[in-house]
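Observations on the three-dimensional arrangement
Chain residues, written in single-letter form:
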Amino acid sequence: MNITEARIAGWREWLALPKLGILQIKAKLDTGARTSVLHAFDLESFRRGGEEWVRFNIHPSQRDDTVSVTCEAPVIDRREVMNSGGHREPRIFIETEVRLGDDQWTIEISLTNRDEMGFRMLLGRSAMKSRIIVDPMGSYRLGKKKRPAK
């Protein structure tokens, strides 16, 4: 995809992480962050088929810790990242699919506890590549929150 085919998204959008079982999560599209980050807690590393995997829980809804989703993914890397407070912290990185609007692609995400942060997920500029142009005045340009089926 080249820049002329890029979608215009708001500074916050609903997206999905289907391979992790996250049907919708509100994300901040953060051009100031190089890497994407997902709220995760109770991280547990384990081996599966000779590979390192991680099991973790997330609260997909902002300011709501009553719903928890358990996820598993192969670990692709461990490295230090500068957090929003300017401190370096070690993080686990995974790869997963992200669905934003009608598009779906693979991104790299670091895992850390974001309980105190406003958004459970940041989509960083590496994940947006030439796919997304961020409208800083817009919100939810690629879709509204889906209501649960009754």
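Everything discussed here concerns the structure shown above.
Let me begin by describing the structure that accompanies this report. In this text, all values refer to a predicted model and were calculated from it rather than measured experimentally. (Residues numbered from 1 in each chain as written. Predicted model: local features only at pLDDT ≥ 70, side-chain atom pairs only at ≥ 80, totals over all residues. Heavy atoms only, no water.)

Some thoughts on the pattern of salt bridges
Pairing is possible between side chains of opposite charge, provided their charged atoms come close. For the structure shown, the criterion picks out 10 salt bridges. When the shortest N-O distance is used, the salt bridge between Glu-52 and Arg-78 registers 2.5 Å. Note that Glu-52 is positioned in strand β5 (residues 51–58) and Arg-78 in strand β6 (residues 69–82), a separation of 26 residues in sequence. Assessed through its relative accessible area of 23%, Glu-52 is described here as partly exposed. Taking the shortest distance from any N to any O, the salt bridge between Glu-80 and Arg-88 comes out at 3.3 Å. Residue classification places Arg-88 among the exposed residues on the basis of a relative accessible area of 51%. (Salt bridge = Lys/Arg side-chain N within 4 Å of Asp/Glu carboxyl O. Helix = DSSP H or I, 4+ residues; strand = E, 2+ residues; numbered from the N terminus. Buried < 20%, exposed > 50% of the residue type's maximum accessible area, 1.4 Å probe, protein only.)

A look at unusual backbone geometry
Phi is positive for Asp-42, close to 55 degrees, though the residue is something other than glycine. Following the sequence through the fold, Asp-42 ends up in strand β4 (residues 41–48). On the basis of relative accessibility, which here comes to 56%, the residue Asp-42 falls in the exposed class. Here the phi dihedral of Tyr-140 falls at roughly 55 degrees; this positive angle occurs in a residue that is not glycine. Looking at the element boundaries, Tyr-140 is found in the segment after β10 (132–139). Overall, Tyr-140 belongs to the buried group, its relative accessible area being 17%.

Side note on the side chain of Asp-103
The topology assignment puts Asp-103 in strand β8 (residues 103–112). Polar side-chain contacts of Asp-103 include one of 2.9 Å to the side chain of Arg-7. (Polar contact = N/O pair within 3.5 Å; in protein donor to acceptor, adjacent residues only side chain to side chain.)

Observations concerning the packing of aromatic side chains
Tallying each qualifying case throughout the model produces 3 aromatic pairs. Ring plane angle 75 degrees and centroid distance 5.8 Å describe the contact between Trp-11 and Phe-119, whose orientation is recorded as edge-to-face. Of the two residues, Trp-11 is situated in strand β1 (residues 7–17) and Phe-119 in the loop between β8 and β9 (121–124); the sequence distance between them amounts to 108 residues. We classify Trp-11 as partly exposed; its relative accessible area is 27%. On the basis of an interplanar angle of 25 degrees and a centroid distance of 6.2 Å, the ring pair of Trp-14 and Tyr-140 is categorised as stacked. In this pair, Trp-14 sits in strand β1 while Tyr-140 sits in the segment after β10, placing the two residues 126 residues apart along the sequence. Of the residues examined, Trp-14 reaches a relative accessible area of 17% and is grouped as buried. For Arg-48, the ring lying beneath its charged end belongs to Trp-53, and the centroid distance is 4.3 Å. Against the face of Phe-93 rests Arg-79, its NZ or CZ located 3.6 Å from the ring centre. (Phe/Tyr/Trp six-rings, centres within 6.5 Å; stacked < 30°, edge-to-face > 60°. Lys NZ or Arg CZ within 6 Å of the ring centre and 35° of its normal.)

Everything listed is a geometric property; what it means functionally is a separate question.
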